[in-house]
Amino acid sequence: MQRKNCERNPPSYTMIILKPSWISHNGMPIFSIDIHPDGTRLATGGQGRDSGLVMLWNTAAVLDENSENDENVPKMLCQVDSHLASVNCVRWSHSGKYLASGGDDKIIMVWTLSKYPNSGNIVFGTKNIVNIETWKCMFTLRSHSGDILDLAWSPHDSYLASCSVDNTIIIWDAQKFPSVHKVLSGHTGLVKGVSWDPIGKYISSQSDDRTLRIWRTSDWKTDTIVTTPFKDCGGNTSVLRHSWSPDGQYLVSAHAMNNNGPVAKVIERDGWTYEKDYVGHRKAVNCVRFSNSIMERKVGKKSHHMCLCAVGSRDTNISVWQTGLKRPVVVLESLFQGPVLDLSWSTNGLNLYACSYDGTIAILIFDPKDIGKALSNQDKNIIFEKMYGISPLERHNNNLLIENPAILKMNGVQQSGVQEVDPKKEIKQPSPNVIKPLPPILKKQIETRTSDGRRRITPIFIPPTPDSAEEINVLPFSSSSECKSQVVVERVNNIIEPNISNSCSNFSQESQTPTIIDSTIPRSTPTSVLQISPTRGESKKRPEPVALISNLFSTKKIKFNNLEDNDISSDVRPNFDQTTMQKRKFTISNLCTDRVVVENDKCKTMNGTISKMKVYSNNSIAWEKVFSSSIVKYCTNKTLSLIVVALSDCTIHVIGSKNGSLICPPYVLSSLVTSISSNNHYLLCMTQYSLSVWNIYKQECVLHEEKLNTLVCSNKNKPVNVQKCMLTENGTSIITLTTGKSYMFSISAKCWMMIGDSGDTIYSNSSQKNKHNGLNKTSGKYPLSVMQAYSSKYKSNLDFKDTEGISELCSKSFLEQQMSAALALESDKEYKYWLMAYVSFLIEREDNDRLRHLCQDLLGVSHGYSSHKKVETIIGMSKHELLKEVLGIIAGSRSTQRLFTEFHDQLQQMS
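This part takes up the pairing of strand β15 (residues 168-173). The buried count for β15 comes to six of six residues, which makes it a mostly enclosed element. Sheet topology note: the strand β14 (residues 159-164)/β15 ladder contains five bridges and is antiparallel. In the strand pairing of β15, S162 is matched with I170. Counting the residues in the hairpin turn of β14 and β15 gives three residues, including N167, whose phi is positive at 75°. As judged from the five bridges shared by β15 and strand β16 (residues 180-185), these two strands associate in the antiparallel manner. Across the sheet, I169 pairs through a bridge with L184, a residue of β16. Hairpin connection from β15 to β16: six residues lie between these consecutive antiparallel strands.

Take a look at the structure:
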């Protein structure tokens, strides 16, 4: 390692320069460098032999000569080559937990230290390079369409910003990786640098379009565009890494021009003026980096606060500046043989790290007597409060004052009130950072042989080790050869037969196809089929030769094509085997009576067969009924105490379940019934070609043979199956197809309405589609949820890269569609559920305009005579009551408290 003592006039400034030759990417360029916040690790990123390379180095061997010469102190900690192309930038998070790397392969990898590492493993493709630490890629961020040139973590690591040659800046939500929070578009050239304001109010970007843009983080809009200093700049720099001062007062740009000379332009926060420059470099400035520390230096009897800024240029030189001084602290010439590409300061502000295109790095060590001592975080917060009236921590927590006492009443009662604690109940407090023990790993495999002599080894499951990077420590070196396999193979001499069968599984046959009983069996056959519930012992001895009719006649998938009225194809037929409709005996249970036994084709006569139905009550026959055709479908109606039976002769019989009387003459349909259901006063019947609905209480037709061909107009080339058919309490018919689409028939509009489509791009790319989990997907009181639970089985997996906030728009459209569908179905509970979800979504996105419009619609007219005011309703629910619940959600957000006050006061006056 080269160590030099450097002095510059005046001689009071002394420093040490280190150039460790062993820090190298095999002679390839090093494009980025960053020091860990605790100073123990140094990350470098650049070009490898056939891929991008990220390497971590032990700074103890860099800064201490004794540690460098000690063979027991490792120099390289880890080398990863997961990037497919050159790595252009590496950046540690402020907490030190994550390391982000981005490169020419258009992806960002976020690394963390594995808590259960496999230390001592040899790097793939090498013979003597050993990884001391194991770093795992926790997240892979894919959204850029071009090379990624720069990365920057926001204060408190809430966001990660990346810029690319695709002219965009992407803000990633670090709490929800790999979620994209926002895409900033506006540059017309390659974006080569991005930097965060230390307060977190702004983010800046510099591009080849000769502009430096400053964006507001409150709404992610452009605040200022600086163009004048960059009008004469050419796109001859590989990066444009600019930097904010640690106090947020100055922004120093990369490549700028002044009088045809390259400079680093100093932009002041107050008015975004740019009258000062850092001059002296002969070629364009590639990178600028402020130290994160504010230095306190005594000059005479007074203490001055200063900031350190390093500037790297294409002329291979580095200059270090200190605010308050007109000349640089030091200028290092010919330190590298190639352009300076990146800079990084240690946390204490005394060590400056630099890397160059020539594949080497340099470390500049300053004396605290010359540049001062770094202020503590507490002292920095005091300075921030004096400058901005708020510290970065307070801004991060967003502690806004509550202006309306009504908000405290709505959401602050639990915080201010005293909770009564039952002394008999023991309160258990979870212990923090409890590491769960790993499950035991089986260390035995079983080896068997088949009849043909082949070996069969039963694999064992080795669970992955959980990773947690709460503590990051350099792990001791250990040889990988010390670990040997402890798995024992147990050989079994028994010969096993291959598990191959030519027939179908008996389990699947029994679970799907019920047992068929021939009515011609002699009378001596035991009549145990009439027992309500056989004992457990009897069920184990022999299979019960009876199937519930609900299992036998479950909802079938009915194929139908897009046909004309007169064009009946032989392919479009019910999914029934005509031979299985005869010679069957079924037991219907769980009805209005104890049990119903149906025997199809009970008796054969000269004019045809007769089917018989027996209804039992208290283990005795209550009544019997015969039919001239086989029963193919059935349903019950507990509201009206009815049994509805569909026969193979295309008729429907409505029977009273108490005495078996026929309520009305049979309904005659044009084709065989394929599905039948009843709810409240309504009856739904679906045939192969149409759907009909009756009000059986009033004996009125609600929907007469509505053609199903309309629903398959967009699927002409392939058949479509009906997955589920449902009838709501108000008589609305709903069906779900295997395409993932759900439809309802509107009686007033006299047409089908689509209420759900899981294959739709809006549904697939909505972040709110998992809200279905909060609803009951089996209860008939939630028809929309029930149908969409079926349709979600057919959703498509789309590969979508959100670069323009499309996912947010999809989520909003999805919620609006859910509300409109629930309104059309007159499902009050579901409408209220999706309304509250929609309000929460708007609050999260801070869409106050849409929130105000929604609240105004629920409030109604707030002026005029009280006798003329009528509170409107939605599906029987008062709009004002809904508004009260909406305001309860709005009160939970401090950013919408003004909106809460506005409508809360109006609602009180009206009530």
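Strands sit in the order β28-β27-β26-β25-β32 across an open sheet of five strands; the sheet is antiparallel. With partners counted over all chains shown, the strands left at the sheet margins are β28 (330-332) and β32 (373-374), one partner each. Pairing of strand β26 (residues 302-313) with strand β27 (residues 318-322) involves five bridges; the strand directions are antiparallel. The residue bridging C309 from the neighbouring strand is W321, located in β27.

Glancing now at the environment of L375. Along the chain, L375 turns up in the loop between β32 and α4 (377-388). For L375, a relative accessible area of 11% gives the class buried. Between the alpha carbons of L375 and M295 there is a distance of 6.0 Å; along the sequence they are 80 residues apart. In this structure, L375 is in contact with I294, E296, H305, K380 and I383, ignoring residues within four places of it in sequence.

Let us look at the environment of V598. Structurally, V598 is set in strand β38 (residues 595-605). A sequence separation of 27 residues divides V598 from K625, and the C-alpha atoms of the two residues are 9.5 Å apart.

What follows concerns unusual backbone geometry. Residue P178 follows F177 across a cis peptide bond; omega there is 0°. Position of P178 relative to the elements: it lies in the loop between β15 and β16. For N259, which is not a glycine, the phi torsion comes out positive at approximately 55°. Checked against the element boundaries, N259 lands in the loop between β22 (250-258) and β23 (261-268). Of note in the backbone geometry, E826 takes a positive phi value of approximately 55° without being a glycine.

Read across the sheet, four strands follow the order β41-β42-β43-β44 without closing on themselves; strand pairing throughout is antiparallel. A single partner strand is all that each edge strand has here, and the edge strands are β41 (631-637) and β44 (667-668). As judged from the six bridges shared by β41 and strand β42 (residues 642-647), these two strands associate in the antiparallel manner. Bridged to T636 within β42 is I643.

Moving on to the confidence of the model for the chain. In this model, the chain carries an average pLDDT of 76, and 70% of its residues clear a pLDDT of 70 or more. The low-confidence segment residues 468-485 (pLDDT under 50) makes 29 contacts with residues lying over four places distant or belonging to another chain. Taken as a whole, residues 793-799 scores under 50 in pLDDT and shows 17 contacts with residues more than four places along the chain or in a different chain.

What makes a disulfide is a covalent bond joining the sulfur atoms belonging to two cysteines. Scanning all chains against the criterion turns up zero disulfides. As a non-bridged cysteine, C163 has C89 as the owner of its nearest cysteine sulfur, 8.0 Å distant. The closest cysteine sulfur to the non-disulfide-bonded C287 is located on C355, 7.4 Å from its own sulfur. A relative accessible area of 1% places C287 in the buried class.

Within the element layout of this structure, D150 appears in strand β13 (residues 148-153). Here the side chain of D150 touches V194 through a polar contact of 3.1 Å, landing on its backbone nitrogen. With residues up to four places along the chain from it excluded, the contact list for D150 reads C89, R91, A161, S162, C163, K192, G193, V194 and R241.

A word on the pairing of strand β7 (residues 87-92). Within β7, six of the six residues are buried, leaving the element largely enclosed by the surrounding structure. Judged from the five bridges that link them, β7 and strand β8 (residues 99-103) form a sheet pairing that is antiparallel. Along β8, the bridge assignment pairs R91 with A100.

Definitions and limits used
- Residues numbered from 1 in each chain as written.
- Predicted model: local features only at pLDDT ≥ 70, side-chain atom pairs only at ≥ 80, totals over all residues.
- Heavy atoms only, no water.
- Buried < 20%, exposed > 50% of the residue type's maximum accessible area, 1.4 Å probe, protein only.
- Helix = DSSP H or I, 4+ residues; strand = E, 2+ residues; numbered from the N terminus.
- Pairing = 2+ DSSP bridges.
- Contact = heavy atoms within 4.5 Å.
- pLDDT = per-residue confidence, 0-100.
- Disulfide = S-S within 2.5 Å.
- Polar contact = N/O pair within 3.5 Å; in protein donor to acceptor, adjacent residues only side chain to side chain.

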